Amino acid sequence: MVTNQAGDGWSALADGTRRAIVDCLAQRPQAVGQLAEQLPVSRSAVSQHLKVLKDAGLVSEQAVGTRRIYRLNPAAVAALRDQLDTFWQRALAAYAQVAEQAPEEDS
Amino acid sequence: MIGSEAAVVRRHLVVAAPIDQAFTAFTARFGEFKPPEHNLLQAPIAETVFEPRVGGHIYDRATDGSVCRWARILTYEPPQRVVFSWDIGPTWQLETDPQLTSEVEVRFVAEGPNKTRVELEHRNLDRHGPGWQSVSDGVGGDQGWPLYLARYAALLEAEG
């Protein structure tokens, strides 16, 4: 379901370290070791965070020689779209209720 | 590459209200229907203000007095149309570069004396990415998102 995918994306970014990883990958695709050097967490922690980001569809990996290079998924725009679609769905449903209320005062 | 259609969210609905009332509800009462999880501030939102003029903003004011202006009003034509920018990046940080923001157009069409069609288009989403420049350029600091995002995700899961 679209809402669940959106939820996964939001959940994945609800963590400071993962946002920092996304930040790093926004500058350039990188390997786990390179990411770990820039962040105050261990290499294995970076790997675990990358797995969450990958599962949420925000990051993809590619084998280059013996290394795995991680990059932001261009489909992240689609993830953003899903988030906003969900946002507007909720907002407009609530809006209909507000709009259909009798005005509190004449304007 | 990402097609332009993938970068647009369109929604429409028909409300049982005159066009003037439908327009006023969307603008003057924006804060009453905006999902409360949508908050870039550290404290809960005290009020959301939609300034009814071109050059104005939509801003949230938190209970601690802090303010977040997250949209610029680009077109204001009551009761037919309003367009505002969406200055929030993919990781829900305030985007300060207008080139990296999307925009929302809302049109109101009278279908009867007490019936209005509302068409919403949130477009140019690809300006926020795909490089996610907004992430690295965005305003730093802990903005309380872990809490809000976790709450939002929990809500979605409860609905799903």
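Residues numbered from 1 in each chain as written. Chains lettered and ligands numbered in written order. Predicted model: local features only at pLDDT ≥ 70, side-chain atom pairs only at ≥ 80, totals over all residues.

**Student:** Please set out the overall build of chain A residue by residue, giving values where relevant.
**Tutor:** Helix and strand content of chain A: 5 helices and 3 strands. In sequence order, chain A lays out its α and β elements as α-α-β-α-α-β-β-α. Buried residues in chain A amount to 38% of all 107 residues. (Helix = DSSP H or I, 4+ residues; strand = E, 2+ residues; numbered from the N terminus. Buried ≥ 20, exposed ≤ 12 C-beta atoms within 10 Å, placed from the backbone.)

**Student:** So what about the nonpolar core? Which residues, and what values?
**Tutor:** Of all hydrophobic cores here, the largest spans 25 residues; its most connected members are A99(A), A22(B), A25(B), F26(B) and W70(B). Contributions of two or more residues to this core are made by helix 5 (76–100) of chain A together with helix 1 (19–28), strand 4 (67–77), strand 5 (81–86) and strand 6 (102–112) of chain B. Non-local contacts of A22(B), meaning those with residues more than four positions away in its chain, are made with A99(A), V15(B), A17(B), F108(B), T116(B) and V118(B). (Core = buried A, V, L, I, M, F, W, Y, C linked by C-beta atoms within 7 Å. Contact = placed C-beta atoms within 7 Å.)

**Student:** I'd like a description of unusual backbone geometry, backed by residues and values.
**Tutor:** Residues and elements named next belong to chain B. The residue after P78, namely P79, is reached through a cis peptide bond having omega -5°. Mapped onto the elements of the fold, P79 is located in the loop between strand 4 and strand 5. Even without glycine at this site, N124 takes up a positive phi of about 60°. Following the sequence through the fold, N124 ends up in the loop between strand 7 (115–123) and helix 3 (133–137). A count of 17 C-beta atoms within 10 Å places N124 in the partly exposed class.

**Student:** Go over the sheet that holds strand 6 of chain B, please, and point to the residues and values.
**Tutor:** Residues and elements named next belong to chain B. Taken in spatial order, the 7 strands make up an open sheet running 1-7-6-5-4-3-2, and their pairing is antiparallel. A strand with exactly one partner marks an edge of an open sheet, and here the two such strands are strand 1 (9–15) and strand 2 (45–50). Neighbour to neighbour, the strand axes of the sheet diverge by 20° on average, direction disregarded. Looking at chain direction, strand 2 and strand 3 (residues 57–62) are connected through 5 bridges and run antiparallel. In the strand pairing of strand 3, T48 is matched with D60. (Pairing = 2+ DSSP bridges. Axes fitted to C-alpha atoms, helices over the stretch in contact; angles between N-to-C directions.)

**Student:** Any chance you could break down the sheet that holds strand 3 (residues 67–72) of chain A for me, citing the residues and the numbers?
**Tutor:** All names here are of chain A. Here we have 3 strands laid out as an open sheet, ordered 1-3-2, and antiparallel in their pairing. The strands lining the two open edges of the sheet, one partner per strand, are strand 1 (30–31) and strand 2 (59–64). One ladder, built from 6 bridges, connects strand 2 with strand 3; its direction is antiparallel. Paired with S60 across the strands is R71, a residue of strand 3. Most of the contacts of helix 2 (residues 16–27) go to strand 3, to which it runs at about 95°, and overall it touches strand 1, strand 2 and strand 3. Relative to the sheet, helix 4 (residues 43–55) contacts strand 2 and strand 3, its axis offset from that of strand 2 by approximately 115°.

**Student:** Before we move on, could you go through the confidence of the model for chain B and cite the residues and values that matter?
**Tutor:** Residues and elements named next belong to chain B. Here chain B shows a mean pLDDT of 79. Residues at 70 or above account for 74%. In the model, residues 130–157 has pLDDT below 50 throughout and makes 64 contacts with residues more than four positions away in sequence or in other chains. Reported confidence for the predicted complex is 0.73 by ipTM and 0.65 by pTM. (pLDDT = per-residue confidence, 0-100.)

**Student:** Please give an account of the packing of helix 2 of chain A against helix 4 of chain A that cites residues and values.
**Tutor:** When two helices pack together, their arrangement is given by the angle between the helix axes and by the axis-to-axis distance. Residue and element names in this part refer to chain A. Two numbers describe how helix 2 lies on helix 4: the axes approach to 10 Å, and their chain directions differ by 80°. If you check the angle between helix 2 and helix 4, you find them roughly perpendicular. Two secondary-structure elements touch here, helix 2 through T17, R18, I21 and V22 and helix 4 through V46, H49, L50, V52 and L53. In the contact of helix 2 with helix 4, the residues fall into 6 nonpolar, 2 polar and 1 charged. (Parallel < 35°, antiparallel > 145°, perpendicular 65-115°, else oblique. Nonpolar A, V, L, I, M, F, W, Y, C, P; charged D, E, K, R; others polar.)

**Student:** Kindly report on helix 4 of chain A, identifying the contributing residues and their values.
**Tutor:** Count 3.6 residues to each turn of an α-helix, and residues three or four apart come out pointing the same way. Residues and elements named next belong to chain A. If you check helix 4, its first and last C-alpha atoms are 18 Å apart, about what 13 residues at 1.5 Å a residue would give, namely 18 Å. Taken together, the buried positions of helix 4 are occupied by V46, H49, L50 and L53. All buried residues of helix 4 fall inside an arc of 105° around its axis, so they share one side. Those residues of helix 4 that are exposed and angled more than 90 degrees off the buried face are S44, K51 and D55. Directly after helix 4, the chain includes G57, whose backbone phi takes a positive value near 80°. (Expected span 1.5 Å × (residues − 1). Arc of directions from axis to C-beta.)

**Student:** Quick rundown of the pairing of strand 3 of chain A? Include the residues and the values.
**Tutor:** Within a regular strand, the side chains alternate between the two sheet faces. Residue and element names in this part refer to chain A. Pairing analysis gives 2 bridges linking strand 1 to strand 3, with the strands arranged antiparallel. Bridging across to strand 3, A31 finds its partner in I69. If you look at the hairpin formed by strand 2 and strand 3, you'll find 2 residues sitting between the two strands, and G65 has a positive phi there, around 65°.

**Student:** Quick one: what's the story with the pairing of strand 4 of chain B, residue by residue and with numbers?
**Tutor:** Residue and element names in this part refer to chain B. Direction of pairing for strand 3 relative to strand 4: antiparallel, over a ladder of 5 bridges. Counted as the bridge partner of R61 is V67 from strand 4. Counting the residues in the hairpin turn of strand 3 and strand 4 gives 4 residues, including G65, whose phi is positive at 95°. Alignment of strand 4 against strand 5, held across 4 bridges, turns out to be antiparallel. Following the sheet pairing, I73 is matched in strand 5 by F84. The hairpin turn running from strand 4 into strand 5, its antiparallel successor, is 3 residues long.

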